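Structural overview
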Amino acid sequence: MEVIYEDNHIIIVNKQSGEIVQGDKTGDRPLSELVKDYIKEKYQKPGAVFLGVVHRLDRPVSGLVVFARTSKALARLNKMFAEGEVHKTYWAIVQNKPEAEEGLLQNWLVRNEKQNKSYAYDREVPNSKLAKLKYRLIGESERYYLLEVQLMTGRHHQIRCQLSTMGCPIKGDLKYGAKRSNQDGSISLLARRIEFVHPVSKEKIAVEAPLPADILWETLKKSVK
């Protein structure tokens, strides 16, 4: 487990593809429990360790996850996430070049619980939620394109669904139209950067995740304009 930032109130870790943030029906040991173990061992804490889950990343996605180490931080972070005060930047590798090199995507998403999938519409429909993101083409190789995505809302599978609807499914994301899977079962979506004002100290926090250990990520990074 890779810790990117920690203090008395928050801890930010780099999630690997395949890990779950919080326990689910699979019964697999979640990242939240690994973080608790890390805190317990490092600080030799007796008894149960408090850790608040503030947000999640899909299982095949890698990158930054913020946890709260105190109840005060948890309450304030929950409010900050809800009010859009936490700025998240993602990098996505796609196979098709978008028609416009940058733009705003706005769709209404409907989540299908049984399929664990979201569907996008260009107008409001029953049970839909407005989803907005900004994207920008920042790099390319012979076969792939690197998009930087700024999330403006936080919907189920939002980036995956909206980029696919635009005609640019994320590499490895079979659920949303990729032609083939990645060998390790990941999808090429990285929670790259996160910025916010610390919920307690009020200092500005800005951290960046390392790239996955993959030659394509490194190649595309070198092409960033």
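What you see is a predicted model; the values in this text were computed from it and never measured.

Definitions and limits used
Residues numbered from 1 in each chain as written. Predicted model: local features only at pLDDT ≥ 70, side-chain atom pairs only at ≥ 80, totals over all residues. Heavy atoms only, no water. Disulfide = S-S within 2.5 Å. Helix = DSSP H or I, 4+ residues; strand = E, 2+ residues; numbered from the N terminus. Expected span 1.5 Å × (residues − 1). Buried < 20%, exposed > 50% of the residue type's maximum accessible area, 1.4 Å probe, protein only. Arc of directions from axis to C-beta. Contact = heavy atoms within 4.5 Å. Core = buried A, V, L, I, M, F, W, Y, C linked by side-chain atoms within 4.5 Å. Phe/Tyr/Trp six-rings, centres within 6.5 Å; stacked < 30°, edge-to-face > 60°. Lys NZ or Arg CZ within 6 Å of the ring centre and 35° of its normal. Pairing = 2+ DSSP bridges. 1 Å grid on protein atoms, 1.4 Å probe; cavity = no way out; pocket = protein on both sides within 12 Å on 5 of 7 lines; lining within 4 Å. Points joined across faces, edges and corners; volume = space filled by probe spheres on them. Nonpolar A, V, L, I, M, F, W, Y, C, P; charged D, E, K, R; others polar.

Below, the discussion takes up the state of the cysteines. On inspection of all chains with the given rule, the structure shows 0 disulfides. Between cysteine 161, a free cysteine, and cysteine 168, which holds the nearest cysteine sulfur, the sulfur-to-sulfur gap is 13 Å.

Looking now at helix α2 (residues 71-82). An α-helical turn contains 3.6 residues, so any two residues separated by three or four positions project in the same direction. With 12 residues, α2 should reach 16 Å at 1.5 Å per residue; the first-to-last C-alpha distance of 17 Å fits that figure. Within α2, the full set of buried residues consists of Ala73, Leu74, Leu77, Met80 and Phe81. What you see down the axis of α2 is that its buried residues fit within an arc of 130°, all on one side. In this structure, α2 carries Ser71, Lys79 and Ala82 as exposed residues pointing more than 90 degrees from its buried face. Where α2 is buried, its residues touch β2 (10-15), β3 (52-53), β4 (62-68), β5 (87-94) and β10 (189-197).

Moving on: unusual backbone geometry. Most peptide bonds take the trans form, and the phi angle of most residues other than glycine is negative. Phi at glutamine 44 takes a positive value of approximately 50°, unusual for a residue other than glycine. In this structure, glutamine 44 sits in the loop between α1 (31-42) and β3. For glutamine 44, a relative accessible area of 69% gives the class exposed.

Of all hydrophobic cores here, the largest spans 31 residues; its most connected members are Val35, Phe67, Tyr90, Ile159, Leu163, Ile170 and Leu189. The set of elements that each furnish at least two residues to this core consists of β2, α1, β4, β5, β8 (129-140), β9 (145-151), α3 (158-165) and β10. No other element matches the 4 residues that β9 contributes to this core. Setting aside residues no more than four positions away along its own chain, valine 35 makes contact with Met1, Ile11, Val13, Leu51 and Phe67.

On the secondary structure map, lysine 40 appears in helix α1. Each C-alpha atom, one on lysine 40 and one on phenylalanine 50, is 9.7 Å from the other, the two residues being 10 residues apart in sequence. For lysine 40, the contacting residues outside a window of four places in its chain are Lys45, Pro46, Gly47 and Val49.

This part takes up the packing of aromatic side chains. For the coordinates displayed, the defined rule picks out 0 aromatic pairs. For lysine 171, the ring lying beneath its charged end belongs to tyrosine 144, and the centroid distance is 5.7 Å.

Of all the 6 residues making up β2, 6 are buried; the element is thus mostly covered by neighbouring parts of the structure. Side-chain alternation along β2 places Ile10, Ile12 and Asn14 on one buried face and Ile11, Val13 and Lys15 on a second face that is also buried. As defined by bridge partners, strand β1 (residues 2-6) adjoins β2 across 4 bridges and the pair is classed as antiparallel. When the sheet's bridge partners are listed, glutamate 2 is paired in β2 with asparagine 14.

Moving on: empty space enclosed by the protein. Empty space among the atoms can be located by rolling a probe the size of a water molecule over them. Scanning the model with the defined rule gives 1 cavity of 30 Å³ or more in all. Taken as a whole, the largest cavity spans an internal volume of roughly 40 Å³. Top element by residues in the lining of the largest cavity is β10. It accounts for 4 residues. Residue classes in the lining of the largest cavity are distributed as 4 nonpolar, 2 polar and 3 charged.

Without other data, these values stay purely geometric and don't point to any function.
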